[in-house]
Amino acid sequence: RRSVRQGAMVEAQRSARALVIDPDSVNANVAAGAAYTMLLHRTGEARYSELGERALAHAVELAPDDPDALAAYGTLLNEKMRYEEAYAALQPAVRRDPLSRHAQAQLITALEGLGRLAEAREKLLVLMQMYPDYIFAPAELGELLLNQGQIDVAVPYLRIAHAAKTSPRATFALANAYLN
């Protein structure tokens, strides 16, 4: 039985082979970027960050209007706390695919990183209306409000996220709100 790390390594090797066969394939570059990003998370090795960024940047260069490539690249940039660049990649991703929860969530993360909290809050409210079952939105909104000291306003959103029993982070944030 393979470990998760070994599985990620195999995926990265497959992606690297696909890039050798067709280095200008958007899908191969997005897959390689995702595999390298997973390896970065599993190992913490900086080289995977560089490989992932190179592959995703190339995918965006090849297809600047591809919402999946833009969202994947923006996600990695958010992880690197390069929020302005992430925002620049995620804006067109959301314009091209406004129903992408992933792109929407990452755009909100970039807005928060840029300190544009009112915009992030507004987008979270819209996301909650669009996808009432998407636990990210109430959990993130609850945490955003909690961090702003608006505990009474945050608690109902955190309760929604906690009730789904799928977000330990939301449960922790709710417990933190109750402690205050």
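Everything numeric in this text was worked out from a predicted model, so none of it was measured.

The rules behind each value
- Position labels on residues start from 1 in each chain and follow its written sequence.
- It should be noted that, the model being predicted, local features are given only for residues of pLDDT at least 70 and side-chain atom pairs only at 80 or more, the latter also being counted only at that level, while totals for whole chains, interfaces and linings use all residues.
- Heavy atoms from the whole structure form the basis of all side-chain values; hydrogens and water molecules are not counted.
- Strands are runs of DSSP state E lasting at least 2 residues, helices are runs of H or I lasting at least 4, and numbering of each runs from the N terminus.
- By the convention used here, residues are in contact when the closest approach between their heavy atoms is within 4.5 Å.
- By this rule, a helix spans an expected 1.5 Å times one less than how many residues it contains.
- Note on definitions: salt bridges are taken to be side-chain nitrogens of Lys or Arg within 4 Å of carboxyl oxygens of Asp or Glu.
- Under the scheme applied here, a residue whose accessible area is under 20% of the maximum for its type counts as buried, over 50% as exposed, and between as partly exposed, the area being computed with a 1.4 Å probe on protein chains only.
- A pair of Phe, Tyr and Trp rings is counted when the ring centres sit within 6.5 Å of each other, with Trp represented by its six-membered ring. The angle between the planes then sorts it: under 30 degrees is stacked, over 60 is edge-to-face, the rest tilted.
- Two limits define a charge over a ring: the Lys NZ or Arg CZ must be within 6 Å of the ring centre, and within 35 degrees of the ring normal.
- Patch definition: residues with relative accessible area over 30% and no salt bridge; like charges joined within 9 Å; nonpolar side chains (Val, Leu, Ile, Met, Phe, Trp, Tyr) joined within 5 Å.
- The accessible surface values rely on the Shrake-Rupley method and a 1.4 Å probe; as for residues, cover is taken only from the protein chains in view.
- Axis definition: a line fit to C-alpha positions, over the contact stretch in the case of helices; interaxial angles, taken between N-to-C directions, run 0 to 180 degrees.
- For classification purposes, angles smaller than 35 degrees are called roughly parallel, those larger than 145 roughly antiparallel, those between 65 and 115 roughly perpendicular, and all remaining angles oblique.
- Think of it as three bins: nonpolar holds Ala, Val, Leu, Ile, Met, Phe, Trp, Tyr, Cys and Pro, charged holds Asp, Glu, Lys and Arg, and polar takes everything else, Gly as well.

Caption draft 1: Looking closely at the side chain of threonine 37. The topology assignment puts threonine 37 in helix α2 (residues 26–43). Sequence-distant contacts of threonine 37, that is, excluding residues within four places in its chain, are made with Leu76 and Glu79.

Caption draft 2: Molecular detail of helix α10 (residues 168–179). The terminal C-alpha atoms of α10, which comprises 12 residues, lie 17 Å apart, in line with the 16 Å expected from a rise of 1.5 Å per residue. Where the residues of α10 are buried, they touch α8 (136–147) and α9 (151–163).

Caption draft 3: Representation of the pattern of salt bridges. For the structure on display, the rule yields eight salt bridges. A salt bridge links arginine 169 to glutamate 143, with the shortest nitrogen-to-oxygen separation between them at 2.5 Å. With arginine 169 in helix α10 and glutamate 143 in helix α8, this residue pair connects regions lying 26 residues apart in the sequence. Residues joined by salt bridges that share partners form a network here, namely Glu53, Lys80, Arg82 and Glu85.

Caption draft 4: Here's a closer look at α9. End to end, α9 covers 18 Å across 13 residues, agreeing with the expected 18 Å (1.5 Å per residue, within 8%). Ala154, Val155, Leu158 and Ala161 are the residues of α9 that are buried. As for α9, its buried residues are in contact with α8 and α10.

Caption draft 5: Quick look at the packing of aromatic side chains. The full count for this structure, using the stated rule, is two aromatic pairs. Where tyrosine 36 meets tyrosine 48, the ring centres are 6.4 Å apart and the plane angle is 20 degrees; that geometry is what we call stacked. A residue pair is termed long-range when its members are at least 10 positions apart, and tyrosine 36 in helix α2 and tyrosine 48 in helix α3 (residues 46–62) qualify at 12 residues. Residue tyrosine 36 is classed as buried on the basis of its relative accessible area of 11%. Given the relative accessible area of 4%, tyrosine 48 is considered buried. Sitting above the plane of the tyrosine 134 ring, arginine 101 keeps its charged end 4.5 Å from the centroid. Its guanidinium or amino end placed over the ring of tyrosine 87, arginine 116 lies 4.6 Å from that ring's centre, counting from NZ or CZ.

Caption draft 6: Representation of the environment of glutamine 150. Along the chain, the position of glutamine 150 falls in the loop between α8 and α9. What glutamine 150 contacts, discounting residues up to four positions off in sequence, is Arg121 and Leu145.

Caption draft 7: Inspection of a nonpolar patch on the surface at higher detail. A grouping of Leu99, Val126 and Met130 is seen on the molecular surface, where their side chains present a nonpolar patch of about 260 Å² in accessible area. Of note, leucine 99 is situated in the loop between α5 (83–96) and α6 (101–113).

Caption draft 8: Quick peek at the packing of α6 against α8. Between α6 and α8, the least distance of the axes is 11 Å, while the angle of their chain directions is 10 degrees. Taken together, the axes of α6 and α8 lie roughly parallel to each other. Taken together, the residues of α8 that come into contact with α6 (itself represented by Ala105, Ile108, Thr109 and Glu112) are Phe136, Glu140 and Leu144. The residue inventory of the contact of α6 with α8, partitioned by class, reads four nonpolar, one polar and two charged.

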